[in-house]
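Here are the chains, one letter per residue:
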Amino acid sequence: MKDVILTGLRANDELTLGNYLGGILPIIEIQRKYSQQYQINMFVPDLHSFTTPIDHSKLQDSIINNLKVYTAAGLNLDDDNTFIYRQSYIPAHSELTWILDCFTGVGEMSRMTQFKDKSKSNFEKIQNEVIKKIDSNKTKVRNLNESIDENYSIKQLKKVFNTISELYIEKYDEIIELLKDRSNFNNASVGLFNYPVLMAADILLYNAKWIPVGEDQFQHLEITRDIAERFNKKFGPIFTIPKKTSEQVKFINRDKGLRIRSLTNPDKKMSKSNQNPKSKILLTDDPKQAYKKIMSATTDSIGQINYDWQNQPGITNLMTILSLLSNQDIEQVKQTWVGQTQYGELKKAVAKAVADFLTDFQTKYNAVDKAKLQAKLEQSEQAMNKIAKETLLRAQQAVGLRP
Ligand code: AMP
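Just so it is clear, the structure is predicted and the values come from calculations on it, not from any experiment. Counting restarts for each chain: residues are numbered from 1 in the order of the written sequence. For a predicted model such as this one, the threshold for reporting local features is a pLDDT of at least 70, and the threshold for listing and counting side-chain atom pairs is 80 or more; totals across whole chains, interfaces and linings nevertheless cover every residue.

## What to know about the overall build of the protein
If you tally the helices and strands in the protein, you get 16 helices and 4 strands. Here the C-alpha coordinates of the protein stretch approximately 95 × 65 × 40 Å along the principal axes. Here the C-beta atoms are placed from the backbone, and a residue counts as buried if at least 20 other C-beta atoms lie within 10 Å of its own, exposed if 12 or fewer do, and partly exposed otherwise. When the 403 residues of the protein are sorted by exposure, 33% land in the buried category. Note that contacts rest on C-beta atoms placed from the backbone: two residues are in contact if these are within 7 Å. The contacts of the protein with a sequence gap of at least 6 include a subset with a gap of at least 24, amounting to 75%. Helix and strand assignments come from DSSP, with helices taken as H or I runs of at least 4 residues and strands as E runs of at least 2, each series counted from the N terminus.

## Considerations on the environment of Y20
By secondary structure assignment, the location of Y20 is in helix α1 (residues 17-33). In sequence terms Y20 and V69 are 49 residues apart; their C-alpha atoms lie 8.9 Å from each other. Not counting residues up to four positions away in its chain, the partners in contact with Y20 are L15, L25, A73 and L283.

## Observations regarding the environment of T7
By the secondary structure assignment, T7 is in strand β1 (residues 3-8). Sequence spacing of T7 and P212 is 205 residues, and the spatial spacing of their C-alpha atoms is 6.5 Å.

## Considerations on the nonpolar core
Each nonpolar core comprises buried Ala, Val, Leu, Ile, Met, Phe, Trp, Tyr and Cys residues, the members being joined through C-beta atoms within 7 Å. Counting residues in hydrophobic clusters, the biggest one holds 81 residues, and the most contacted among them are I5, V350 and V354. Top contributing element to this core by residue count: helix α15 (residues 343-366), with 9 residues. The domain limits used here are those given by an automatic or database domain assignment. No fewer than three residues from each of domain 1 (4-108 + 189-258 + 369-399) and domain 3 (277-366) sit in this core. With residues up to four places along the chain from it excluded, the contact list for I5 reads I27, I30, Y38, I40, A208, W210 and P212.

## What to know about the pairing of β1
With 5 of 6 residues buried, β1 is to be regarded as a mostly interior element. Between any two strands, pairing holds if DSSP finds at least two bridges. Bridging between β1 and strand β2 (residues 38-44) involves 6 bridges; their strand directions are parallel. Residue pairing in the sheet places T7 in a bridge with M42 of β2. Every crossover in which the path from the first strand over the helix to the second runs clockwise, viewed with the strands pointing away from the viewer, is termed right-handed. Viewed along the sheet, the connection from β1 through α1 into β2 turns out right-handed. Pairing of β1 with strand β4 (residues 208-210), which is carried by 2 bridges, proceeds in the parallel orientation.

## Description of the pairing of strand β3 (residues 82-86)
With respect to burial, β3 is a largely interior element, 5 of its 5 residues being buried. Alternating positions in β3 separate into two faces, T82, I84 and R86 on one and F83 and Y85 on the other, with burial throughout. The pairing of β2 with β3 spans 5 bridges and is parallel. The partner of F43 across the bridge, within β3, is Y85.

## Examining the domain arrangement of the protein
Parsing the protein into structural domains produces domain 1 (4-108 + 189-258 + 369-399), domain 2 (113-184) and domain 3 (277-366). The straight-line distance from the C-alpha centre of domain 1 to that of domain 2 is 47 Å. In this assembly, 5 residues from domain 1 lie in contact with 4 residues from domain 2. In terms of residue class, the side of domain 1 that touches domain 2 is made up of 2 nonpolar, 2 polar and 1 charged. Here the nonpolar group is Ala, Val, Leu, Ile, Met, Phe, Trp, Tyr, Cys and Pro; Asp, Glu, Lys and Arg are the charged ones; every other residue, Gly included, is treated as polar.

## Quick word on the sheet that holds β1
Spatial ordering of the open sheet is given by β3-β2-β1-β4, a layout of 4 strands whose pairing is parallel. Taken across any chain shown, the strands that pair with only one partner, and hence form the sheet edges, are β3 and β4. Going across the sheet, the axis of each strand differs from the next one's by a mean of 40°, ignoring polarity. Every axis in this analysis is a line fitted to C-alpha atoms, fitted for helices over the stretch in contact. Angles between the N-to-C directions lie between 0 and 180 degrees.

## As for the site of the ligand
R10, G18, G22, G23 and G214 are the nearest of the 17 residues found near the ligand. Split into classes, the residues belonging to the shell around the ligand amount to 6 nonpolar, 6 polar and 5 charged. To decide nearness, the C-beta atom of each residue is placed from the backbone, and the residue is near a molecule or strand if that atom lies within 6 Å of it.

## Thoughts on α1
Two axes enter the bend calculation: one fitted to the seven residues ending at the residue in question, the other to the seven starting there, and the bend is the angle between them. At I24, α1 shows its strongest bend, of approximately 45°, with the proline P26 following within four residues. Buried within α1 are the following residues: L17, G18, N19, Y20, L21, G22, G23, I24, P26, I27, I30 and Q31.

## Let's talk about the packing of helix α13 (residues 313-325) against α15
When two helices pack together, you describe them by how their axes are tilted relative to each other and by the distance separating the axes. Running from N to C, α13 and α15 point in directions that differ by 40°, and their axes come no closer than 9 Å. The angle between α13 and α15 places the two elements in the oblique class. α15 is crossed by α13, and the crossing has left-handed handedness. Judged by residue contacts, I315, L318, I321, L322 and L325 of α13 engage Y343, L346, K347, A349, V350, A353, V354 and F357 from α15. Here the contact of α13 with α15 is built from residues that sort into 12 nonpolar, no polar and 1 charged. Roughly parallel means an angle under 35 degrees; roughly antiparallel, over 145; roughly perpendicular, 65 to 115; everything else is oblique. Two helices that cross are described as forming a left-handed crossing if the nearer one is turned anticlockwise from the farther one by less than a right angle, and a right-handed crossing if clockwise.

## Structural notes on α15
Think of an α-helix as 3.6 residues a turn; residues three or four steps apart then line up on the same face. Expected span of a helix, by definition, is 1.5 Å for each gap between consecutive residues, and there is one gap fewer than residues. The end-to-end C-alpha distance of α15, which contains 24 residues, comes to 34 Å, matching closely the 34 Å that a straight helix rising 1.5 Å per residue would cover. Within α15, burial applies to Y343, L346, K347, V350, A351, A353, V354, A355, F357 and L358. On its buried face, α15 sits against α12 (287-295), α13 and α14 (330-337).

## Some points on unusual backbone geometry
Not every positive phi belongs to a glycine, and N207 is a case in point at roughly 55°. Along the polypeptide, N207 turns up in the loop between α9 (190-204) and β4. Judged by C-beta crowding, with 18 C-beta atoms within 10 Å, N207 ranks as partly exposed. A positive phi angle, close to 60°, is found at N327, a residue other than glycine. Assignment of secondary structure puts N327 in the loop between α13 and α14. According to the C-beta neighbour criterion, N327 is exposed, with 9 such atoms within 10 Å.

Okay, here's the thing in structure tokens:
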């Protein structure tokens, strides 16, 4: 049996350059290099798509869009060992998730940083609301204070203070209303909390060993290993244990996990959910606009180019993008750029690489043969349903649901 390499990209928004470089490119490179040696599962995790709110009327388009992106990125649909499928078309994903849920601790799930990050941003939103409400009184209070002159009377003072108190009491009531509803305070869904278990099912159903994901998914990969090991210990060898993250990184020929950074705040990852369009390059961006975004990317004031994620994350991010898009080893890129002082020159080289990449990618995207894609999809779903059912049955038998 061939080793299975598996990856999926949520269909909930337009994909970014970070998604492409971290989630898609590694698998395409492996397919190119070792064709026939591995089974490749590249799926659309559509059940993951609404762990955070989405426009549901666009989901169907997003799913097809993701499949077209895989194809335009170079996934070879003629390869018999490659499978593309939609998660929700294979019911075993949901069924295995429930079984695994019952062998997963709330404590270990609560440590998932991605969940914590996503619920925190909501908390901050509420905090800002509260501050805004209080601030909205500022001008009125200032005007009231200014209405008191030197010849104030106690009666006048009392009236002003009463009005100020009333203003705050009114806001206080609004704030209490806001905080009372805990779903306002933290509207992260149970689905978002639980999604690493669904991800574990996605991996374990197909006995996948290799999961080339970006650094943001490492914790979820580790929890998959923990869940599978625990299950196997209790019931015998039901699941194939995916490789450790350190081995995954070596497998795709990288020295560490990849985290492409935001162009406006290079301490954070480039994320499709960031509302600021300048922070990210979308695969659908106009190449000229993308060029401008790179030229205006946030760097630093050190004045010399170094490869240093700690102190110069903006510059280091740009060198990383250049290396991946121009198919150069990072050492080669470092040799060319480290020590130079002209940030603008580096930006121009990166901006050109990004614009050229987008032009080529978009041409390929528009040329995707939809009929061929649909045929491959249906054929893959049939084949994968069979494998997924077999694994599910082993798990069902283990827990006593089937004879
Ligand atoms: P998601 O957008 O969460 O569905 O992620 C899909 C894939 O893209 C996963 O393999 C992620 O690790 C990868 N990914 C997302 N954002 C980045 C990023 N900024 N840098 C590198 N990989 C990323």
